[in-house]
Amino acid sequence: YIPDEVIPNSYFEGRDLFNYDALGNRVGDPIRLTSEKIFEQTGINERRRSKPNEWPSDMAYVAAFRALENAGVSADSLVGIIFASVTERCNFPSGACKLQEKLGACNVSVTYDLNDACAGFPEALMEADARALRVPGNYLVASAEALTKIIGFDDVNSDLFGDGAGAVVLKPTLHPERGIVAGYSRSDPFDGKLRYITRDPKGLLRMPQGPLVFKSAVRSMIDAGDSLKKDLNWERVRLIIPHQANARIVGGVAKRIDAKIITDVSEINGYEGTLVFQNVDRFGNMSAVTCPIALDECRRTGIIKEGDRVEIISFGAGLVTSGVALQF
C-alpha cells in the first residue's frame, strides 16, 4: 500500500535546510537544494506521505488484506501476526493487535510488534518462520511506516523519507528446501553507533552521521548476503532485494558484488549474473517497508521466477542488519 499524496523533489526547493546533531541542535549554515541535486545525491525523485489521520496500522491493514487475498487464505486461518514498525502513534496496544482487530482475525494466538527500524522486515520473516516450526499455520508479516510524521522538513535528510506499507503471508510447505531457507542477524551498537540514526528529545528522526551510515550499510549488507550464501553453499544468487535507503547505497552494494542494478524486468535482457533491484527513485526510504514493496514488485512484474534464489537484506538504526534467503 502506497499513500496517494506524492511529494516531489521540488517540494524541498527554496527551503533553508540544516544539519542536526542527535539531540536536535542545528549544526552549521543553512543549505539550499535543487530537485536535480537531490536526485544526484539520493537517486530519489519522489516519495509518498500518509494522511494526517493515517498511521502504520491503518496502512498495514490495506497491505495485509491484499496479501491475504493473493495468498488465498482467510484472516481466520492466521495463527500469528508480526508487525514491523517504528512509527505507530501509540505502541500499546501493539500495532499488531490493532491490525488483528481490523482484519477480524479471531484465531490468532500470537501478535507483537518488532522494532528493528529499516531491518525490521527480514527480521520479522525470520521470527515468523521460527515460530511456524513450533506452532504450524499461516502467519502474517506486515510492515508499515509513517516517517513523514517524525521528520522535520527543515532537516537536510528529510528528502530521503516516505510512507507506505507491505505485507506477506507465510504458509506451511511440504518442501523444506523451498521458501525461507536461511536467515542472518547482527547487532553492533558500539563505538557511538547508537547515535548514527536516532530520534531527538522531540521525537524527530535525526541522522547526524550520514557518511558513516553509508559505509556501514554497504559493508553490512554485503556481509549478510555473503553469510547467507555460505550457509547454503550457494555459488550464486539470482536476485538481491536490498533496503532502499538511497541509490548510492544500493549502487555501492551492487558494485562490490559485481551485480547489475535493474528497475524493471525489461532491463534483464538475458543477463545471467546476479541482479539487484532498485525502486528508491519512486518511493524514497520507507524504513521497514522498502523490502516488502520491492519484493511485491519483483513478483508481480516477473523479475522473480520459479526456481530463483533470492536474498532480502536490510540495515538500520542500532546499528542492526538482517537478511533472509528465499528459494522460489
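Residues numbered from 1 in each chain as written. Predicted model: local features only at pLDDT ≥ 70, side-chain atom pairs only at ≥ 80, totals over all residues. Heavy atoms only, no water.

Student: Got a minute to help me understand the packing of aromatic side chains in this structure?
Tutor: Geometrically, a pair of aromatic rings is defined through the distance of the ring centres and the angle of the planes. Across all of its chains, the model carries four aromatic pairs by this definition. A centroid spacing of 5.4 Å and a plane angle of 80° characterise the contact between Tyr 11 and Phe 12, whose relative ring orientation is edge-to-face. A residue is classified by how much of its surface remains accessible, and Tyr 11, at 26% relative accessible area, is partly exposed. With 6.1 Å between their ring centres and 35° between their planes, Phe 12 and Phe 153 make a pair best called tilted. Of the two residues, Phe 12 is situated in the loop between β1 (5–8) and β2 (17–20) and Phe 153 in the loop between β7 (138–146) and β8 (163–170); the sequence distance between them amounts to 141 residues. (Phe/Tyr/Trp six-rings, centres within 6.5 Å; stacked < 30°, edge-to-face > 60°. Buried < 20%, exposed > 50% of the residue type's maximum accessible area, 1.4 Å probe, protein only. Helix = DSSP H or I, 4+ residues; strand = E, 2+ residues; numbered from the N terminus.)

Student: Which parts of the structure should I look at to understand helix α4 (residues 120–134)?
Tutor: Each turn of an α-helix holds 3.6 residues, which means side chains three or four residues apart point in the same direction. For α4, spanning 15 residues, the distance from its first C-alpha to its last is 22 Å, which sits close to the expected 21 Å at 1.5 Å a residue. By the burial criterion, the buried members of α4 are Gly 120, Phe 121, Pro 122, Glu 123, Ala 124, Leu 125, Met 126 and Ala 128. (Expected span 1.5 Å × (residues − 1).)

Student: Sorry, what's going on with the pattern of salt bridges here?
Tutor: When their charged atoms lie close together, side chains carrying opposite charge are able to pair. One pass over the full model with this rule turns up 13 salt bridges. Measuring nitrogen to oxygen at the nearest pair gives 3.0 Å for the salt bridge that ties Lys 102 to Asp 58. Separated by 44 residues along the polypeptide, Lys 102 in helix α3 (residues 95–103) and Asp 58 in helix α2 (residues 56–71) bring together distant segments of the chain. The exposure class of Asp 58 is partly exposed, given its relative accessible area of 25%. With a closest N to O distance of 3.9 Å, Lys 193 and Asp 191 form a salt bridge. Owing to a relative accessible area of 12%, Lys 193 belongs among the buried residues under this scheme. Overall, the relative accessible area of 70% leaves Asp 191 in the exposed class. Connected through salt bridges with shared partners, the residues Asp 155, Asp 200 and Arg 206 form a single ionic network. (Salt bridge = Lys/Arg side-chain N within 4 Å of Asp/Glu carboxyl O.)

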